[in-house]
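For reference, the chains in residue letters:
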There are 2 protein chains.
Amino acid sequence: MPTPLRLGLAGLGTVGIGVVRIVQKHADLIAARAGRPVVITAVSARDRTKNRDADLSGYAWEDDPVALAQRDDVDVFVEVMGGHDGPAKAATEAALAADKDIVTANKALLAHHGQNLAETAEAAGRVIRFEAAVAGGIPVIKALTEGLAANQMRRVMGVMNGTCNYILTRMQNAGLPYETVFEEARQLGYLEADPNLDVGGIDAGHKLSLLAAIAFGTKVSFDKVELEGIGNVSIEDIRMADEMGYHIKLLGVAQMTGRGLEQRMTPCLVPAESPLGQLQGGTNMVVLEGDSVGQIVLRGPGAGEGPTASAVMADVIDIARGLRLPTFGRPAASLVEAVPARSATPAPYYLRMTLLDKPGALAKVATCIGEAGISIDQMRQINQPGEADDKAIVLIVTHKAAPADIAHALASFPATGVVVGSPVAIRIEEV
Amino acid sequence: MPTPLRLGLAGLGTVGIGVVRIVQKHADLIAARAGRPVVITAVSARDRTKNRDADLSGYAWEDDPVALAQRDDVDVFVEVMGGHDGPAKAATEAALAADKDIVTANKALLAHHGQNLAETAEAAGRVIRFEAAVAGGIPVIKALTEGLAANQMRRVMGVMNGTCNYILTRMQNAGLPYETVFEEARQLGYLEADPNLDVGGIDAGHKLSLLAAIAFGTKVSFDKVELEGIGNVSIEDIRMADEMGYHIKLLGVAQMTGRGLEQRMTPCLVPAESPLGQLQGGTNMVVLEGDSVGQIVLRGPGAGEGPTASAVMADVIDIARGLRLPTFGRPAASLVEAVPARSATPAPYYLRMTLLDKPGALAKVATCIGEAGISIDQMRQINQPGEADDKAIVLIVTHKAAPADIAHALASFPATGVVVGSPVAIRIEEV
């Protein structure tokens, strides 16, 4: 009988209970696949008295996750508490100091402290695995770190925050404004305690920064991600983009360019008929592009008890099977500092503006755009019901243009005297 | 300096040359990720004199792949020759006997001899890896064996033969009959030397049988796959299915039922707007459904030099990194004999038939269908230009029905005296 692998489980929220359920339900299946039994020996959470609808009677209890991390009967410290500082960080560090391997679902922790933790783990001969931290049940860390390991990666992209995608698709499908759907999402319990983690793009930005580190061999640099949440996405733009054949998604893109590493997590337009454009609700999608493989697209549930626990347990089974990789797929000490590059990769842009409805107005705007070196692919004037007669809404889709040129064109609009208010410019990503 | 991992490469066709290119181009990247250099020491192919547009001068040459497999300077035997018997089998067996690990792209070999080879390898402490054998560049073997290892799998499905998907989408997009597009595909070099491997569904069936073994812990049972190729898919059905909102795909489905293991590789209708329905050309898509994770969809290039070599090298890098798993994800000796079950899982069906255009004809057919216990979801009569006035084409989409009930209904049609020729019945898979 081979030695069981013993888990100390810190956190008994949705994901933690999901892990308990899988370990209990699939003990035989996991032992067959892992080559040895996997057991939970001890657990920890804030409130012992809470009713959790799972049988925890066989497990030792620790009030303090640090104490859990240091127990002699724990081989792998499973951290599903969350939070990038405080107990999660302290307990993870304690676990490494006590020679435990780590499995975590905590993207914030790794986005902020991944380099330090990886260096500490590798110096101690321990592993840190985090499949559940990115895109829920989709085995994307494995696909990128192992499945595409022979590729020089060109680009990684993804819709990786289910709550934002829920809000955007619900706005689109029901024609409701952001504020209304945000409130719905809050009442459905879809939002983090600090909603800005979701709608501000921070959670998705954490995930993107982890994928970029693996893809490009750079130190995690979450602080260099260009972040823009979905709070300014208007129902007007969702509707107008749809008219032009596009949907709006909170899309992360990381790519290595000659100038450095571009990382952005921003609302983008994507073709309505594309796989990304068709992504509904809480589903996640990640696109991985490598020089040999071309493009791989992975789609699946981005959150929830079962999918996230499935990813946690995949990491546990990898450890049980003896797979021991550096945290980011190559030694932490060899990861290089990312040179951040402001987005300069050209893309088509969607522009929406309100013009005074008088002769020559459109020509003036078109001239500004042309003088910025940008050519126009489509232009459409919309008669908005309820809009005053003396104004017109104009939608423009440009050909590929550098972000700086778009900014230049926008800056030249006020001088025309025909553009009312602030024009909207949103990047179009072609997948 | 860590010890290099030394490859013996048998086969210098498209995939073999792709492997050479990656090893040469990405030596540093691979060494960084694998933790040790990966080198080719010796190669083998049928014709040494062929111009291969790659520098092979640094490698020893063997005319005989068996000799290559036995070389002392080879750690991993990379088999990209193909063929389920003959040299590929002999050389793979010789490599195992000589204590080499195996990386192969050969689905036919594993579909026919996977169980024996896995047992031999595991008895000798060697590994056999075959990511490139299924769905080209998509890391689906890894996703299933490792990424979803904590799941009881419910179903695996996929479009896994790019040539068939090319033919079907080309028929659809250009409105051309099967024979014409088949000939085009032949001239483009898309077909195997024995085209029946592709269009007969055999190649895709091989792949499905390998996925099923991993998913359900059963011995590979390719001979139990219900196989139907695309040779009988008519342009009429492609057109009519489209009218009803469906596309026709050669779709593999494996699922474990109470009665045993269903494995089928047959033309199916899928919703035109679904990810499977939108799959164009040579792209592959695999759908993995597990009890915790729900549904994961993977899409990517199913063939070609770069993608297939990417998969081969991912396996090589896994071995370099020390990952050692049983061939099918659990010990070969523990795999159970699959109890094959004829398809009995109910599904909606598409029916196309020609009826004599006389009063009561439709009612007679509807009665047959009702008496078989099947209810009708949609029915449509098509006026086919050029069809004689006294006949009408009728399309029916049923609600979910057992295959046996569909067969029963079809068998009762002749007695009505109004059905002309043989009706067509195609299963609709809802993804």
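About the criteria used
Residues numbered from 1 in each chain as written. Chains lettered and ligands numbered in written order. Predicted model: local features only at pLDDT ≥ 70, side-chain atom pairs only at ≥ 80, totals over all residues. Heavy atoms only, no water. UniProt positions renumbered as here; feature names shortened; annotations may be inferred. Core = buried A, V, L, I, M, F, W, Y, C linked by side-chain atoms within 4.5 Å. Buried < 20%, exposed > 50% of the residue type's maximum accessible area, 1.4 Å probe, protein only. Contact = heavy atoms within 4.5 Å. Helix = DSSP H or I, 4+ residues; strand = E, 2+ residues; numbered from the N terminus. Least-squares fit on C-alpha atoms with pLDDT ≥ 70 in both. Buried area = accessible area lost by both parts, 1.4 Å probe. Salt bridge = Lys/Arg side-chain N within 4 Å of Asp/Glu carboxyl O. Polar contact = N/O pair within 3.5 Å; in protein donor to acceptor, adjacent residues only side chain to side chain. Domains from an automatic or database assignment. Nonpolar A, V, L, I, M, F, W, Y, C, P; charged D, E, K, R; others polar. Pairing = 2+ DSSP bridges. Axes fitted to C-alpha atoms, helices over the stretch in contact; angles between N-to-C directions. Parallel < 35°, antiparallel > 145°, perpendicular 65-115°, else oblique. Phe/Tyr/Trp six-rings, centres within 6.5 Å; stacked < 30°, edge-to-face > 60°.

Named according to an unreviewed UniProt entry, chain A is Homoserine dehydrogenase originating from Paragemmobacter kunshanensis. Entered under Sequence similarities (unreviewed entry) in the UniProt record, the comment concerning chain A runs "Belongs to the homoserine dehydrogenase family."

Participant: Would you mind showing me how to read the nonpolar core here?
Facilitator: Within soluble globular proteins, side chains that are nonpolar generally end up buried alongside one another. Ranked by size, the top nonpolar core spans 168 residues in total, and within it V140 and L288 of chain A together with V140, I167 and L288 of chain B carry the most contacts. Beyond its immediate chain neighbours, meaning those up to four positions away, I167 of chain B contacts Y178, V181, F182, A185, V199 and I230 of chain B.

Participant: Sorry, what's going on with the UniProt feature "active site" (unreviewed entry) in chain A here?
Facilitator: Residues and elements named next belong to chain A. Following the UniProt record, the feature "active site" (unreviewed entry) maps to K207 here. Within the secondary structure layout, K207 lies in helix α10 (residues 202–216). You can call K207 buried: its relative accessible area is 5%.

Participant: Quick question: what am I supposed to make of the relation of the copies chain A and chain B here?
Facilitator: Two copies of a chain can be linked by a rotation about an axis combined with a shift along that same axis. With an RMSD of 0.0 Å, the operation that places chain A on chain B is a rotation of 180 degrees combined with a shift of 0.0 Å along the axis. Here the two chains are linked by the operation of a two-fold rotation axis. For chain A, the minimum C-alpha distance to the rotation axis belongs to L298 of chain A and amounts to 2.3 Å. When the interface residues of chain A are mapped onto chain B, 100% of them are again interface residues, pointing to one common binding face.

Participant: Would you mind showing me how to read the interface of chain A and chain B here?
Facilitator: Listed per partner, the contact involves 48 residues of chain A and 48 residues of chain B. Summed over both partners, the interface of chain A with chain B comes to about 4,100 Å²; 51% of that surface belongs to carbon and sulfur atoms. Summed over the shared surface of chain A and chain B, the number is 4 salt bridges. Notably, a salt bridge pairs D291 of chain B with K25 of chain A, separated by 3.3 Å at the nearest N-O pair. In this assembly, chain A and chain B are joined by 22 residue pairs in polar contact (both at pLDDT 80 or more). Within the residue set of the side of chain A that touches chain B, elements represented by two or more residues are α1 (14–25), α2 (27–34), α6 (140–147), α10, β12 (294–301) and α12 (305–321) of chain A.

Participant: Which parts of the structure should I look at to understand the domain arrangement of chain A?
Facilitator: Accessible area lost upon the coming together of the parts is a frequently used measure of interface size. Residue and element names in this part refer to chain A. We note that the domain assignment places domain 1 (5–133), domain 2 (140–300) and domain 3 (349–427) within chain A. Counting residues at the interface gives 13 residues for domain 2 and 12 residues for domain 3. Both faces combined, the contact of domain 2 with domain 3 buries some 1,200 Å², and carbon together with sulfur accounts for 61% of it. Looking only at domain 2, the three residues that lose the most surface to domain 3 are D237, M240 and M244, adding up to 50% of its buried area. One can count 2 salt bridges joining domain 2 with domain 3. We note a salt bridge from E243 to R380, for which the minimum N-O separation is 3.6 Å. The tally of links from domain 2 across to domain 3 stands at 5 residue pairs in polar contact (both at pLDDT 80 or more). Considering each element in turn, the side of domain 2 that touches domain 3 owes the most residues, 5 residues, to helix α11 (residues 235–243). When its residues are assigned to classes, the side of domain 2 that touches domain 3 shows 8 nonpolar, 1 polar and 4 charged.

Participant: Before we go on, may I ask you to explain the sheet that holds strand β2 (residues 38–44) of chain B in this structure?
Facilitator: The strands that make up a sheet are held in pairs by hydrogen bonds between backbone atoms, and each pair lies either parallel or antiparallel. All names here are of chain B. Taken together, 6 strands build an open sheet; the order of strands is β3-β2-β1-β4-β5-β6 and the sheet is parallel. Here the strands that pair on one side only, and so sit at the sheet edges, are β3 (60–62) and β6 (128–129). The pairing of strand β1 (residues 5–10) with β2 spans 6 bridges and is classified as parallel. Each bridged residue has a counterpart across the sheet, and for G8 the counterpart in β2 is A42.

Participant: Got a minute to help me understand the packing of α6 of chain A against helix α12 (residues 305–321) of chain B in this structure?
Facilitator: Helix-helix packing: each pair is described by the crossing angle between the helix axes and the interaxial distance. Relative to each other, α6 of chain A and α12 of chain B sit at 85 degrees, their axes nearing to 9 Å. Relative to α12 of chain B, α6 of chain A is oriented roughly perpendicular. Two secondary-structure elements touch here, α6 of chain A through T145, E146 and G147 of chain A and α12 of chain B through S310, A314, D318 and R321 of chain B.

Participant: Any chance you could explain unusual backbone geometry here in plain terms?
Facilitator: Most peptide bonds take the trans form, and the phi angle of most residues other than glycine is negative. All names here are of chain B. Even without being a glycine, D53 presents a positive backbone phi close to 55 degrees. Positionally, D53 belongs in the loop between β2 and β3. Taking relative accessible area as the criterion, D53 reaches 62% and is therefore assigned exposed. In the Ramachandran plot, D99 falls in the positive-phi region, its phi being about 70 degrees despite a non-glycine side chain. Among the structural elements, D99 can be located in the loop between α4 (87–97) and β5 (101–104).

Participant: How should the side chain of R427 of chain B be read in this particular structure?
Facilitator: All names here are of chain B. Examined against the element boundaries, R427 turns out to sit in strand β16 (residues 419–427). Owing to a relative accessible area of 7%, R427 belongs among the buried residues under this scheme. In terms of polar contacts, R427 uses its side chain to reach the side chain of E429, at 2.7 Å. Beyond its immediate chain neighbours, meaning those up to four positions away, R427 contacts R264, C268, L269, T345, P346, A347, P348, Y349 and P403.

Participant: How do you make sense of the packing of aromatic side chains when you look at a structure like this?
Facilitator: All names here are of chain A. Scanning the model with the defined rule gives 6 aromatic pairs over all chains in all. Their ring planes at 85 degrees and their centres at 4.9 Å tell us that Y166 and Y190 sit as a pair that is edge-to-face. Of the two residues, Y166 sits in helix α7 (residues 162–174) while Y190 sits in the loop between α8 (178–187) and α9 (196–199), which places them 24 residues apart along the sequence. Classification of Y190 as partly exposed rests on a relative accessible area of 39%.

Participant: I tried to follow the side chain of R155 of chain A on my own but got confused; where do I start?
Facilitator: Positionally, R155 of chain A belongs in strand β7 (residues 153–159). Residue classification places R155 of chain A among the buried residues on the basis of a relative accessible area of 13%.

Participant: I would appreciate a short explanation of the sheet that holds strand β15 (residues 391–398) of chain A in the present structure.
Facilitator: Residue and element names in this part refer to chain A. Reading across the sheet, the 4 strands line up as β14-β15-β13-β16 and stay open at both edges, with antiparallel pairing between neighbours. If you trace the sheet from one side to the other, it starts and ends with β14 (376–382) and β16 (419–427), each paired once. When strand polarity is set aside, the average angle formed by the axes of neighbouring strands in this sheet is 15 degrees. One ladder, built from 6 bridges, connects strand β13 (residues 349–356) with β16; its direction is antiparallel. Each bridged residue has a counterpart across the sheet, and for L351 the counterpart in β16 is A425. Of the strands in this sheet, β13, β14, β15 and β16 touch helix α13 (residues 361–371), which is tilted by about 145 degrees from β13.

Participant: Teacher, can you tell me more about the pattern of salt bridges here?
Facilitator: Once the charged atoms of two side chains with opposite charge are near each other, the side chains can pair. Inspection of every chain in the model, using the stated rule, returns 58 salt bridges over all chains. Between E93 of chain A and K89 of chain A there is a salt bridge, and its shortest N-O distance comes to 3.5 Å. Here K89 of chain A and E93 of chain A lie together in helix α4 (residues 87–97), a separation of 4 residues that amounts to about one turn. Looking at E93 of chain A, the relative accessible area reads 36%, which means it is partly exposed. The closest approach of N and O atoms between E183 of chain A and R186 of chain A, which form a salt bridge, is 3.5 Å. Separated by 3 residues within a single helix, E183 of chain A and R186 of chain A lie in helix α8, roughly one turn from each other. With a relative accessible area of 44%, R186 of chain A lands in the partly exposed category. The network of salt bridges with common partners includes R129, K142, E146, D315 and D318 of chain A together with R129, K142, E146, D315 and D318 of chain B.

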